[in-house]
Amino acid sequence: MDLRRAQDPCPWQPRSEDPIISPLWYVSLSLTPHILLTLPGIDMVIGAVRSTMNHKNLETWQGWLKNDRNFGQTVEGTPAGLRCIFTADPENIKAILATQFHDYGKGEPFHEDWNDFLGDGIFASDNQPWHDSRQLLRPQFIKDRVSDLEVFEEHVQILMRAVANGGIEGAPGVATDGVGRGREVDVSNLFFRYTLDAATHFLLGRSVGSLEVLKQDFAVAFGEVQRVQNIIARAGYVSFPYVYTTDSSSGL
Amino acid sequence: VNPYIEQALRLSPEELETKTKSESGYTFLHALAGYTRDRKVLRDQLVSMLLAGRDTTASTLSFTFYELARHPEVFQKLRAEIIDTVGLNRPPTYNDLKNMKYLQVRSPPNFTDFHVSQIRPPLK
């Protein structure tokens, strides 16, 4: 499969080809609906952003993949004029991540989209910078590094207490003594808090403690960064109207 | 993240080494600071690891418990294995985790339905 970027006859060039995008361009795009309509595949972008904001990513991707009449696993589209291939085929994923790893990469548009958040970190780089990152990080994943379970145990205990209490202390109706029995708990929210606490403890030496307060500054900020990145990852160079116009209340 | 990095960089290389070698005081940041003192490198890699370690694990936990709730027979079998191997009175060790075969094989199938990895746009 050739994943090279196609040169679409699209009036809007992607960011990599045209890194200087005037703010005026964005403004005119967001204020003039008919321009949006002329952008090929803008409906895909709108659909993707809308679904990620409504927690319906899986449904949207499954809907796209249904267009593959043969296997239902690989489709091609041009969201905002950029040729993209979406695949859930394990063989393709194996090729991209393992057997033909060196033929694929993140690409400069990805690096730019994620630059404010990930900088030149391992997940946003290719070639030599990627290799350097890997050299640096690899020793940290040897067995005796990942076998330190105490850190995780400590936070699992806090997690269990939150589940027993029926949520985070301070939330309306949450018990403080493990008597939240029978109460419905959004456990996925607690899981995100747990992994943030365990990860900051493991990585930085101290947990941010998001399982212990309703609103924890770092957790809220991290959630907001991810909300914005989520949109940028889907809308790329047409993100601007979305990022600044939507409600920023995140799960945390 | 930056205050943590500044704190770690205030330590001398010797202090970092003893911190890294001690069993309980290990942190990723201190270990990395032993290799590089470049603040941007440390910040970028740590934020990347934080993102990678956080969402993937949280959503895997969610999907795992969702699936377990839908398959009580699997849940029972898993629980029995954990009680057999670890019991109810102590936390599991690394070897316990390695030895629980049912726990190990239960993990992968979920991933085909619910993978969370990022899209990789073309390199060339």
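These numbers were taken from a predicted model, which means no experiment stands behind them.

1. A closer look at the overall build of chain B
1) Next: Secondary structure summary: chain B contains eight helices and zero strands in total.
2) Next: The long-range fraction of contacts in chain B, counting pairs at least 24 apart against all pairs at least 6 apart in sequence, stands at 42%.
3) Next: For chain B, the exposed area adds up to about 7,500 Å²; of that, 58% sits on carbon and sulfur atoms.

2. With respect to the overall build of chain A
1) Next: The helix and strand inventory of chain A stands at 13 helices and two strands.
2) Next: Out of the 252 residues belonging to chain A, those deemed buried represent 45%.
3) Next: For chain A, the proportion of contacts with a sequence separation of at least 24, taken over those separated by at least 6, is 48%.
4) Next: Within the structure as shown, chain A displays about 14,000 Å² of accessible surface, and the carbon and sulfur contribution to it stands at 56%.

3. Some thoughts on helix α8 (residues 127-137) of chain A
1) Next: Taken residue by residue, α8(A) has A:W130, A:S133, A:L136 and A:L137 as its buried positions. Take α8(A) and look down its axis: the buried residues cluster within an arc of 125°, on one side only. Residues A:N127 and A:Q135 are exposed on α8(A) and point more than 90 degrees away from its buried face.
2) Next: Buried residues along α8(A) sit against α3 (28-33) and α4 (39-70) of chain B.

4. A look at a negative patch on the surface
All names here are of chain A.
1) Next: Judged by side-chain charge, E154, E169, D177 and E212 come together as a negatively charged surface patch.
2) Next: Position of E212 relative to the elements: it lies in the loop between α11 (187-204) and α12 (217-235).
3) Next: Taking the relative accessible area as the measure of exposure, E212 reaches 43% and is therefore partly exposed.

5. Description of the side chain of A:H111
All names here are of chain A.
1) Next: Tracing the backbone shows H111 in helix α6 (residues 108-113).
2) Next: By relative accessible area, H111 is classed as buried at 18%.
3) Next: H111 has contacts with G119, D120 and A124, leaving out every residue within four places of it along the chain.

Rules and cut-offs
- Residues numbered from 1 in each chain as written.
- Chains lettered and ligands numbered in written order.
- Predicted model: local features only at pLDDT ≥ 70, side-chain atom pairs only at ≥ 80, totals over all residues.
- Heavy atoms only, no water.
- Helix = DSSP H or I, 4+ residues; strand = E, 2+ residues; numbered from the N terminus.
- Contact = heavy atoms within 4.5 Å.
- Areas by Shrake-Rupley, 256 points an atom, 1.4 Å probe, with all protein chains shown as cover.
- Buried < 20%, exposed > 50% of the residue type's maximum accessible area, 1.4 Å probe, protein only.
- Arc of directions from axis to C-beta.
- Patch = residues over 30% accessible without salt bridge, like charges linked within 9 Å, V, L, I, M, F, W, Y side chains within 5 Å.
- Salt bridge = Lys/Arg side-chain N within 4 Å of Asp/Glu carboxyl O.
- Lys, Arg positive; Asp, Glu negative; His and termini not counted.
- Charge placed at Lys NZ, Arg CZ, Asp CG, Glu CD.

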